[in-house]
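Per-entry structural report
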Protein chains: 2
Amino acid sequence: MKEFNNSGQTQLWFTEYHTPNSGITFKVKETLYRKKTKYQDLVIIDTYEFGKVMLLDGLVMLTDRDEFVYHEMITHVPININPKIENVLIIGGGDCGTLREVSRYKHIKNIKMVEIDKDVITSSKKFFPNLTKTFSKNYKIIVGDGIDFVFKTKEIFDLIIIDSSDPIGPGEGLFTEKFYRKCYEILNENGILTLQAESPYFYKDSVKTIYNRLKKVFLNVKPYLAFIPTYPSGMWNFFLCLKEETSLDVKNKNLIKSFQNVLKYYNHQIHTGSFSLPNFVKKMYGI
Amino acid sequence: MKEFNNSGQTQLWFTEYHTPNSGITFKVKETLYRKKTKYQDLVIIDTYEFGKVMLLDGLVMLTDRDEFVYHEMITHVPININPKIENVLIIGGGDCGTLREVSRYKHIKNIKMVEIDKDVITSSKKFFPNLTKTFSKNYKIIVGDGIDFVFKTKEIFDLIIIDSSDPIGPGEGLFTEKFYRKCYEILNENGILTLQAESPYFYKDSVKTIYNRLKKVFLNVKPYLAFIPTYPSGMWNFFLCLKEETSLDVKNKNLIKSFQNVLKYYNHQIHTGSFSLPNFVKKMYGI
């Protein structure tokens with residue numbers, strides 16, 4: 001918008017290519033952390049516009065400035081559809097932002113988070129204190145393979161949140177029909193599965209494939225959308241999966257009252273509005 | 001998402017800086033047109049990802065690939081709130097995309113478009129044939145100053161759409177309280193004013209100023225949002241301004257039926273959903 005002065009300083013810019021032909025670029029203050037972990041290339045940079053940014057394999061996972069959208073939307077939408085959720089399983093989510101949001105609900109008795117990469121958890125604790133705070137003690141963090149956990153557990157959950165990276169790299173196995181089927185089996189009959197699933201604008205084929213896999217397993221699969229400025233195209237897709245034809249309405253209007261003024265994105269109008277899909281997205285899903 | 005090969009070819013990239021510290025970047029095939037017009041620097045480039053792109057003073061005005069969102073949302077939202085709209089004034093809109101959308105409605109008898117920069121119209125006709133097609137002959141294009149037109153006209157309109165560039169450069173005068181007040185005066189009592197007003201994510205102060213000016217003039221000012229990937233942050237704000245407390249619901253559900261399957265964004269769920277605002281946006285507006 002404005003004209004910029006280049007004062008002769010060395011400028012460092014990070015660019016993420018969303019496709020071979022387009023991308024987003026941020027001016028960088030400094031690189032805070034870099035580690036080739038057992039699973040991925042983990043980098044934390046400090047930027048002028050978005051604050052601290054976590055990158056995995058070169059892709060933006062979260063930024064200080066807009067992480068709230070992703071974490072609120074993957075969490076509060078399912079919990080407000082079924083206010084009886086007591087047992088929650090988070091697969092991935094090593095930055096702890098999803099755990100922070102789930103832990104706001106006092107009636108949720110048991111939260112398990114299974115993250116494969118310990119370094120994501122420890123570096124998030126170090127560099128993103130706002131993400132790693134929690135509001136209850138009803139949680140357990142397990143460092144391990146989420147797929148293994150789901151296949152071996154004897155527990156039954158009311159909500160499973162798959163908070164993974166994209167279907168390339170370590171997250172790949174979390175996008176298979178076989179995995180979704182096992183999630184279905186460890187959910188109770190009113191249980192909900194929620195997951196992030198990329199941009200319908202840029203990654204049409206990938207998003208459609210995920211949708212079709214989920215539809216083979218769950219009776220009711222509903223896409224919903226949120227504005228995430230630092231994710232490709234700014235239009236981000238989530239799926240909410242149910243075993244039965246339940247209404248998607250907010251069930252208990254009082255449930256989030258106590259922390260409504262600390263949430264920055266989610267409210268009950270957004271809940272309903274996020275299920276409104278543009279025609280090109282509806283067409284893509286054949287709905 | 002994927003790894004790219006650089007095959008040794010010269011690569012040309014266009015970057016728009018949305019703030020001094022962040023931006024969007026596209027790979028360019030070629031520059032198709034460049035002219036310093038009487039009012040602005042007009043450039044048309046062909047890109048790999050977004051097709052042809054029109055730039056004014058270095059900022060993306062529209063791209064072949066996502067122009068539909070802006071043009072459908074600035075048009076169909078107001079028209080579906082008041083299905084009796086017959087006289088429409090478009091201020092700006094030289095690329096003709098808004099005119100295309102308004103002209104879909106057979107009951108709209110009189111459309112006037114007042115664009116200051118003739119070169120925007122002629123270059124859009126040459127390079128964006130998809131934008132410049134119309135579906136009725138009930139329109140008149142006037143090359144002239146929209147502010148002058150509004151201050152001098154004796155006509156009364158049912159809908160005014162301000163389809164301008166941002167409040168810097170030639171569009172500046174279209175964002176003043178004085179101008180909004182004059183628009184109010186030439187609207188009938190059920191009349192609607194709609195305008196685009198930037199990203200609430202990046203240009204908070206500017207968007208708030210516009211909102212406060214509109215509120216001084218109109219009884220009922222409603223922000224609404226749409227996903228526009230090539231605009232800053234991907235979250236774009238529009239204002240709908242009414243002289244009375246009218247419901248924002250779609251009034252005549254049959255109205256858009258005949259062209260619903262050619263629209264790529266707007267539908268009646270999107271209409272309702274677009275008025276759902278995230279908490280940080282509500283807070284910004286004090287609503």
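Residues numbered from 1 in each chain as written. Chains lettered and ligands numbered in written order. Predicted model: local features only at pLDDT ≥ 70, side-chain atom pairs only at ≥ 80, totals over all residues. Heavy atoms only, no water.

**Concerning the overall build of chain A**
Inclusion rule: A run of H or I in DSSP becomes a helix once it reaches four residues, and a run of E becomes a strand once it reaches two; helices and strands are each numbered from the N terminus. When we talk radius of gyration, it's over C-alpha atoms, and the globule rule is simply 2.2 Å times the number of residues to the 0.38. Contacts are assigned to residue pairs with any non-hydrogen atoms lying within 4.5 Å of each other. Surface accessibility in these figures is a Shrake-Rupley result with a 1.4 Å probe; residues are shielded only by whichever protein chains are displayed. For the purpose of counting charges, residues Lys and Arg are taken to be positive, whereas Asp and Glu are taken to be negative. His and the chain ends are not included. Every charge is mapped onto a representative atom, which is NZ of Lys, CZ of Arg, CG of Asp or CD of Glu.
What chain A contains, in helices and strands, is eight helices and 12 strands. Against the globule reference of 19 Å for 287 residues, chain A gives a C-alpha radius of gyration of 19 Å, in line with a compact fold. Principal axes of the C-alpha set define a box for chain A whose edges measure 60 × 45 × 40 Å. If you take every contact in chain A between residues at least 6 apart in sequence, the share linking residues at least 24 apart comes to 67%. With an accessible surface of roughly 11800 Å², chain A has 49% of that area assigned to carbon and sulfur atoms. Within chain A, one finds 39 positive and 32 negative side-chain charges whose respective centroids are separated by 3 Å.

**Points about the confidence of the model for chain A**
Rules: On a range of 0 to 100, pLDDT expresses the predictor's confidence in each residue.
Averaged over chain A, the pLDDT score is 94; the fraction of residues at 70 or greater is 97%. For this predicted complex, the interface confidence reaches an ipTM of 0.95, while the overall pTM sits at 0.95.

**Some points on helix H1 (residues 67–81) of chain A**
Residue and element names in this part refer to chain A. To keep it simple, the criterion reads: Any helix carries an expected span of 1.5 Å times its number of residues minus one. In this analysis the local bend is the angle between axes fitted, respectively, to the seven residues ending at and the seven residues starting at the residue. We call a residue buried when its accessible area falls under 20% of the maximum for its residue type, exposed when it is over 50%, and partly exposed in between, using a 1.4 Å probe and counting protein chains only.
The first and last C-alpha atoms of H1 sit 22 Å apart over 15 residues, in line with the 21 Å expected at 1.5 Å per residue. Along its length, H1 reaches its greatest deviation from straightness, about 30°, at Met73. Taking burial as the measure, the 15 residues of H1 include 15 buried ones, the bulk of the element.

**Focus: the environment of B:Ser247**
Residue and element names in this part refer to chain B. Our working definition: Here a polar contact is taken to be a pair of N or O atoms separated by no more than 3.5 Å, where protein atoms must pair a possible hydrogen donor with a possible acceptor and residues adjacent in sequence count only if both atoms sit in side chains.
The residue Ser247 is located in the loop between strand E12 (235–242) and helix H7 (268–273) in this model. Sequence separation between Ser247 and Ile81 is 166 residues; the distance between their C-alpha atoms is 7.7 Å. At 3.1 Å, the side chain of Ser247 forms a polar contact with the backbone nitrogen of Asp249.

**Overview of the environment of A:Tyr266**
Positionally, A:Tyr266 belongs in the loop between strand E12 (235–242) and helix H7 (268–273). As for A:Tyr266 and A:Ile79, which are separated by 187 residues in sequence, their C-alpha atoms are 12 Å apart. If near-sequence neighbours (up to four positions away) are discounted, A:Tyr266 is found in contact with A:Glu72, A:Met73, A:His76, A:Val77, A:Asn80, A:Val250, A:Ile256, A:Gln260, A:His271 and B:Asn279.

**So, the interface of chain B and chain A**
Our working rule: Buried area, as used here, totals the accessible surface that two parts lose on assembly, with accessibility defined by a 1.4 Å probe and the loss added over both. Salt bridges are defined by distance alone: a side-chain nitrogen of Lys or Arg within 4 Å of a carboxyl oxygen of Asp or Glu. Note on pairing: DSSP must find at least two bridges between two strands before they are called paired.
Facing 49 residues of chain B, the contacting portion of chain A comprises 50 residues. Both sides of the chain B and chain A interface together cover about 4400 Å² of buried area, and 64% of this is carbon and sulfur. For the pair chain B and chain A, the number of links is zero salt bridges. Summed over the shared surface of chain B and chain A, the number is 27 residue pairs in polar contact (both at pLDDT 80 or more). Listing elements by their share of the side of chain B that touches chain A, those giving two or more residues are strand E1 (12–19), strand E2 (22–36), strand E11 (220–227), H7 and helix H8 (279–285) of chain B. At six residues, the largest contribution of residues to the side of chain B that touches chain A is made by E2(B). Relative to E2(B), strand E2 (residues 22–36) of chain A runs antiparallel, the two sharing five bridges.

**As for helix H5 (residues 177–185) of chain B**
Residues and elements named next belong to chain B. Applicable threshold: For this quantity, the arc is that covered by the directions from the helix axis to the C-beta atoms.
Looking only at H5, the buried set comprises Phe179, Tyr180, Lys182 and Cys183. Down the axis of H5, the sector holding all buried residues measures 160°, keeping them to one side. Against strand E6 (87–92), helix H4 (146–152), strand E9 (157–163), strand E10 (187–196) and helix H6 (204–217) lie the buried residues of H5.

**Brief notes about a positive patch on the surface**
Note the following rule: Here, patches come from residues exposed beyond 30% relative accessible area and free of salt bridges, joined within 9 Å for like charges and within 5 Å for nonpolar side chains (Val, Leu, Ile, Met, Phe, Trp, Tyr).
On the surface, a cluster of positive charge is made up of A:Lys133, A:Lys264, B:Lys204, B:Lys208 and B:Lys283. Tracing the backbone shows B:Lys204 in helix H6.

**Observations concerning the packing of aromatic side chains**
All names here are of chain A. We count it as follows: Stacked, tilted and edge-to-face pairs are distinguished by plane angle, under 30 degrees for stacked and over 60 for edge-to-face with tilted covering the rest, among Phe, Tyr and Trp rings (Trp via its six-membered ring) whose centres lie within 6.5 Å.
Following the criterion strictly, the structure yields 40 aromatic pairs over all chains and no others. A ring pair is formed by Tyr184 and Phe218, whose centres lie 5.1 Å apart and whose planes are at 65°; its orientation type is edge-to-face. Within this pair, whereas Tyr184 is found in helix H5 (residues 177–185), its partner Phe218 is found in the loop between helix H6 (204–217) and strand E11 (220–227), the two being separated by 34 residues in sequence. By relative accessible area, Tyr184 is classed as partly exposed at 27%.

**Regarding the sheet that holds E12(B)**
All names here are of chain B. Here is the rule: All axes are obtained by fitting lines to C-alpha atoms, using only the stretch in contact for helices, and the reported angles, taken between N-to-C directions, cover 0 to 180 degrees.
Read from one edge of the open sheet, seven strands run E8-E7-E6-E9-E10-E12-E11, paired in mixed fashion. Each having just a single partner strand, strand E8 (139–143) and E11 make up the two edges of the open sheet. Adjacent strand axes in the sheet meet at a mean angle of 15° when their direction is disregarded. Two elements, E6 and strand E7 (residues 110–115), share five bridges in a ladder whose sense is parallel. Bridge pairing in E7 places Val88 opposite Ile111. With respect to the sheet, H5 is in contact with E6, E9 and E10, its orientation differing from that of E10 by roughly 140°. The sheet contacts of H6 involve E10, E11 and E12, and relative to E12 the element is tilted by about 10°.

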